[in-house]
Amino acid sequence: MRVLLIDDHELIWNGTRRLLELVLQQTPGGVPGGLEFHAVRDLTAAAAFAGQPLDLVLLDYHLPGLGGVAALRQVQADFEGVTVCMLSAELGAPLIREVLDAGAAGFIPKSYGEAEMAMALRLVMLNKVYAPAEFLFNEDLLRGRESDEVGSEQLASFLRSELSARQRQVLALALQGLPNKSIARRLDIAEGTVKVHLSMVYKALGVRTRVAALCRVLQANAAEALQA
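Side note on the pairing of strand β3 (residues 56–60)
With 5 of its 5 residues buried, β3 lies for the most part within the structure. With 4 bridges connecting them, strand β1 (residues 2–6) and β3 associate as parallel partners. Note that in β3 the partner of Leu-4 across the bridge is Val-57. Where the polypeptide runs from β3 across helix α3 (residues 68–78) and back to strand β4 (residues 83–88), its parallel neighbour, the crossover connection is right-handed.

Here it is, written out as structure tokens:
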């Protein structure tokens, strides 16, 4: 597992590495190759790793110079196809929504204790998406519910029966934080085809955006239904 941490607070570097090692140790069967961990202070230093094989980038929301969603988009461009997860000491539904809608594979609050942080990192390292439970709950309240919307308890079955295998593949990759261009390359299809698939998926789920689809799937604990 090759991980790059971009965070200007060097005090958290060792703690993050230790948590990642703990997660890998607790992974059934282990992880071939163990952990290859790198940490840098800013995007300029991170650029030196562009083109190198990485599995995960952990990105602090507040960085010197370029930060926030702008930094996320820069990292996505520099490390195309790599899972990028945002870490932040700042919370709030609008901020989390903006980060996830920009294609981050997760949003992990820095205020979490060791157990919560390890759980969140474990999900992200398994190519799943993590969002704080309180955010998912608030999003559900804000979004409301259509009278004919599929209930959470039936969503997994709905995804398996109503979406095509290709649509499930596209949605799974989208919820991992991959941009449409990377999804197209991964599946060897046109970028326009990815957009069409996502449009149909969003319509089927009764949502309009990627972050809303993420919330629907995570709230229903239905991510496994997207596995091929």
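Side note on the pattern of salt bridges
Under the definition given, this model contains 7 salt bridges. The shortest N-O distance in the salt bridge between Arg-17 and Glu-21 comes to 3.4 Å. One end of the pair, Arg-17, and the other, Glu-21, are both in helix α1 (residues 11–25), 4 residues apart, so they sit about a helical turn from each other. A relative accessible area of 34% places Arg-17 in the partly exposed class.

Considering the nonpolar core
Of all hydrophobic cores here, the largest spans 60 residues; its most connected members are Leu-4, Ile-6, Val-57, Leu-59, Val-99, Leu-159 and Leu-205. Ignoring sequence-local partners within four residues, the contact set of Val-57 consists of Leu-4, Ile-6, Val-75, Phe-79, Val-82, Thr-83, Val-84 and Cys-85. In terms of nonpolar packing, the next biggest core, distinct from the first, is built from 23 residues, Val-3, Leu-20, Ile-108 and Leu-121 among them.

Parameters and conventions
- Numbers given to residues run from 1 along each chain, matching the order in which its sequence is written.
- Only residues with pLDDT of at least 70 get local features here, since the model is predicted, and only at 80 or more are side-chain atom pairs given and counted; chain-wide, interface and lining totals rely on the full set of residues.
- Note: side-chain values were computed over all heavy atoms of the structure, leaving out hydrogens and water.
- Throughout this description, buried means an accessible area under 20% of the type-specific maximum (1.4 Å probe, protein chains only), exposed means over 50%, and partly exposed covers the range between.
- Starting at the N terminus, helices and strands are each numbered in turn, a helix being any DSSP run of H or I of at least four residues and a strand any DSSP run of E of at least two.
- Between any two strands, pairing holds if DSSP finds at least two bridges.
- By convention a crossover is right-handed if, when the strands point away from the viewer, the path from the first strand over the helix to the second runs clockwise.
- Throughout this description, the term salt bridge denotes a Lys or Arg side-chain nitrogen within 4 Å of a carboxyl oxygen of Asp or Glu.
- Throughout, nonpolar core names a set of buried Ala, Val, Leu, Ile, Met, Phe, Trp, Tyr and Cys residues whose side chains join them through atoms within 4.5 Å.
- Pairs of residues are marked as contacts when any of their non-hydrogen atoms sit within 4.5 Å.

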